[in-house]
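Now for the letters of each chain:
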Amino acid sequence: METTGMSLKRGCLAVEDDDCVYPAEEAKKQKVSDCCPSSGEGGLASDCPPSSGQGPEPPVGEKNSHAQVEEEEEEDGLSEEGEEEEAESFADMMKHGLTELDVGITKFVSSHQGFSGILKERYSDFVVHEIGKDGRISRLDDLSVPVDEEDPSEDVFTVLTAEEKQQLEELQLFKNKETSVAIEVVEDTKEKRTIIHQAIKSLFPGLETKTEDREGTKYIVAYHAAGKKALAKVRTAADPRKHSWPKSRGSYCHFVLYKENKDTMDAINVLSKYLRVKPNIFSYMGTKDKRAITVQEIAVLKISAQRLAHLNKCLMNFKLGNFSYQKNPLKLGELQGNHFTVVLRNITGTDEQVQQAMNSLKEIGFINYYGMQRFGTTAVPTYQVGRAILQNSWTEVMDLILKPRSGAEKGYLVKCREEWAKTKDPAAALKKLPVKRCVEGQLLRGLSKYGMKNIVSAFGIIPRNNRLMYIHSYQSYVWNNMVSKRIEDYGLKPVPGDLVLKGATASYIEEEDVNNYSIHDVVMPLPGFDVIYPRHRISEAYREMLATDNLDIDNMRHKIRDYSLSGAYRKIIIRPQNVSWEVVAYDDPKIPLFNTDVDNLEGKPPPVFASEGKYKALKMDFSLPPSTYATMAIREVLKMDTSIKKQTQLNTTWLR
């Protein structure tokens, strides 16, 4: 039987023009992603544990709503090894990856016969629209800039040449020994001088300007008002050029970000590089997929809509619009969920099978498993690292993260691991990495700093979100296994001893109350010190599973407070909202089967389908709450394993 396939075709981000000069070394870096990209809600698998500032979804209870600040500059250039073709095919490498069975995903709720279809043959077949806290779906449908008399002239974006911008950026970032940059005023008028002053101050925060007359020629001289500390202050969330922002305007510019084939953190890093600001002045409600088209709301502190809109001329695969000024930033987790538009191409199911599958999804739903991207794709799953952390086995944590493993990885990461295995020298292994911000690079940097006898402190260099994702992965692994056992033992009906939420508090279903609840009310705990467990056989199953892993379910507090698990509750069955679908016929596998927001803005007519075609596709729309996985809904429709290992065994064109 055919299996689901996926494509990792990478989008282009290319760009340099006179209006938008992207630093040359950054343009080079865009050619290779960090060692460990990861994906957002509803996505498929990531390539390895999440790297700095990225993650499949916010950890339970995480409050930080700002983008991760990049703590160190990357080295210029790329290693030659990173560009080499691997001798082993991707399909061969993925023989060592995880399957759904490995992470406890074993059950279905529906009785229909499964069928095959290709998921994400094109990343444009998977579109995510964020649902805000007011219940409205974010759409990019307006590129206009709010009229504001206090905005400078549009000329500020074109008055400086590319060479002048490069010199000013080097001055701004203290990249040369010059203390100032002088720009000759070719057409000397007061208006022209004003525009140059405005351009430098707005495009290069931290620089001040003055006019000088040198032998009859006017120059605008840019210089630092103070030293590096003042630059750092001016580029942080606390104080980005207070004097240049109109008092009558809200401090935050909210906008809708449309992006293709980039995850949220990558996108914010790109925007911050172009705007020459730190990523932490951006905030958002949730991270979104890389291998998809996604539309979400972003807020940025004291950057005008005019400047943001100008990026539309510079960036490929991004579009910014629907600008407004607000008093407050966005907070992680404030969203109501996400609306998905998904195309499954080349489906084999009959119309009757499709009807049964989609009716079941609409009426019953799907098991709310944590998807495969929660656990990594190499032979070392993230939950194993999380288990070692909880066991306080720090040497094992180090070995699991750094040891060589089978699976799909970039050449330079393979060489780094080989060096580590051979020498156990963190500095030598670190030299093999052109990109230092991945988890491996950060841990090696920590080991170089603190030594091999202080692995806890070395591991602590990794950003908190990323460290916690390992233990949340272990919680997810336990939850998946326990839910499969709960459904196997008791089926799809509530039973006495099950848990339901009343507000934020969990309580037991009593015998006399069973008929007052449905399976959609039942929750199960992620293990922790602040949760209760069901009052039936599954409680003992939790205890046995943790005991097998040398963990005590009655003592989930860790010596290190960060790694103490309080636990949480999660519904076991999710019923999607706003479910609709249609089966369409098509002949060309490369044609888009629906319009995106950008297509609609450009006035493209929607695709017209023939009644007969070489292939059939299932186009489905549905909405899900936060932290649920669209791939698990699709799994329920197709009744197929969504792991990359299973996909690539029969679909070896995945990376083509």
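Our subject is the structure that appears above.
Just so it is clear, the structure is predicted and the values come from calculations on it, not from any experiment.

Novice: Please clarify how the overall build of the protein should be interpreted in this entry.
Specialist: Broken down by element type, the protein carries 19 helices and 18 strands. Looking at the 656 residues of the protein, the share that counts as buried comes to 57%. In the form shown here, the protein has an accessible surface area of approximately 27900 Å², with 47% of it arising from carbon and sulfur atoms.

Novice: Help me understand the packing of aromatic side chains, please; the structure alone is not making it clear to me.
Specialist: We describe a pair of aromatic rings using the distance from one ring centre to the other and the angle between the two ring planes. Inspection of every chain in the model, using the stated rule, returns 14 aromatic pairs. Each ring, one from Phe 375 and one from Tyr 383, has its centre 6.3 Å from the other, and the planes form 80°; the classification is edge-to-face. The exposure classification of Phe 375 matches that of Tyr 383, with both residues buried. With a centroid separation of 5.3 Å and 35° between ring planes, the pair formed by Tyr 586 and Tyr 615 is classed as tilted. With Tyr 586 in strand 17 (residues 577–586) and Tyr 615 in strand 18 (residues 615–624), the pair connects residues that are 29 residues apart, well separated along the chain.

Novice: Would you mind going over the packing of helix 15 (residues 464–490) against helix 16 (residues 537–548) with me for this structure?
Specialist: Relative placement of two packed helices is described by the angle separating their axes and the distance separating the axes. It is the contact of helix 15 with helix 16, at a shortest axis distance of 10 Å, that shows an interaxial angle of 145°. Seen along the crossing, helix 15 lies across helix 16 with a hand that is right-handed. Residues Tyr 474, Tyr 477, Val 478, Trp 479, Asn 481, Met 482, Lys 485, Arg 486, Asp 489 and Tyr 490 of helix 15 pack against Arg 537, Ile 538, Ala 541, Tyr 542, Met 545 and Leu 546 of helix 16.

Novice: I keep staring at the sheet that holds strand 4 (residues 207–214) and nothing clicks. Help me out?
Specialist: Either a parallel or an antiparallel arrangement is found when strands of a sheet pair, and the pairing is made through backbone hydrogen bonds. Ordered in space as 3-5-4, the three strands form an open sheet in which the pairing is antiparallel. With one partner strand each, in any of the chains shown, strand 3 (180–184) and strand 4 form the two edges of the open sheet. Neighbour-to-neighbour, the strand axes of the sheet open up by a mean angle of 25°, direction not taken into account. As paired strands, strand 3 and strand 5 (residues 217–224) are joined by five bridges and run antiparallel to one another. Bridged to Ala 182 within strand 5 is Val 221. On the sheet, helix 3 (residues 162–172) packs against strand 3, strand 4 and strand 5 and is oriented at approximately 160° with respect to strand 3.

Novice: Please clarify how the environment of Gly 371 should be interpreted in this entry.
Specialist: Looking at where Gly 371 falls in the secondary structure, it is placed in the loop between strand 11 (366–367) and helix 9 (382–390). Taking relative accessible area as the criterion, Gly 371 reaches 0% and is therefore assigned buried. Along the primary structure Gly 371 and Val 103 are separated by 268 residues, whereas in three dimensions their C-alpha atoms are 9.0 Å apart.

Novice: Please clarify how the pattern of salt bridges should be interpreted in this entry.
Specialist: Once the charged atoms of two side chains with opposite charge are near each other, the side chains can pair. Inspection of every chain in the model, using the stated rule, returns 22 salt bridges. Where Glu 130 meets Lys 288, a salt bridge forms, and the shortest distance between an N and an O atom there is 3.0 Å. Of this pair, Glu 130 sits in strand 2 (residues 126–131) while Lys 288 sits in the loop between strand 7 (282–284) and strand 8 (293–301); the two residues are 158 residues apart in sequence, bridging distant segments of the chain. Classification of Glu 130 by relative accessible area gives buried; the value is 0%. For Lys 288, a relative accessible area of 1% translates into the label buried. In this structure, Arg 387 engages Asp 549 in a salt bridge whose closest nitrogen and oxygen atoms are separated by 3.2 Å. Taken together, the residues Arg 387 in helix 9 and Asp 549 in the loop between helix 16 and strand 15 (568–571) connect sequence positions 162 residues apart. Both residues of the pair, Arg 387 and Asp 549, belong to the buried class. Via salt bridges that share partners, Lys 210, Glu 212 and Arg 214 belong to a single interconnected network.

The rules behind the values
- Residues numbered from 1 in each chain as written.
- Predicted model: local features only at pLDDT ≥ 70, side-chain atom pairs only at ≥ 80, totals over all residues.
- Heavy atoms only, no water.
- Helix = DSSP H or I, 4+ residues; strand = E, 2+ residues; numbered from the N terminus.
- Buried < 20%, exposed > 50% of the residue type's maximum accessible area, 1.4 Å probe, protein only.
- Areas by Shrake-Rupley, 256 points an atom, 1.4 Å probe, with all protein chains shown as cover.
- Phe/Tyr/Trp six-rings, centres within 6.5 Å; stacked < 30°, edge-to-face > 60°.
- Axes fitted to C-alpha atoms, helices over the stretch in contact; angles between N-to-C directions.
- Left-handed = near helix turned anticlockwise from the far one by under 90°.
- Contact = heavy atoms within 4.5 Å.
- Pairing = 2+ DSSP bridges.
- Salt bridge = Lys/Arg side-chain N within 4 Å of Asp/Glu carboxyl O.

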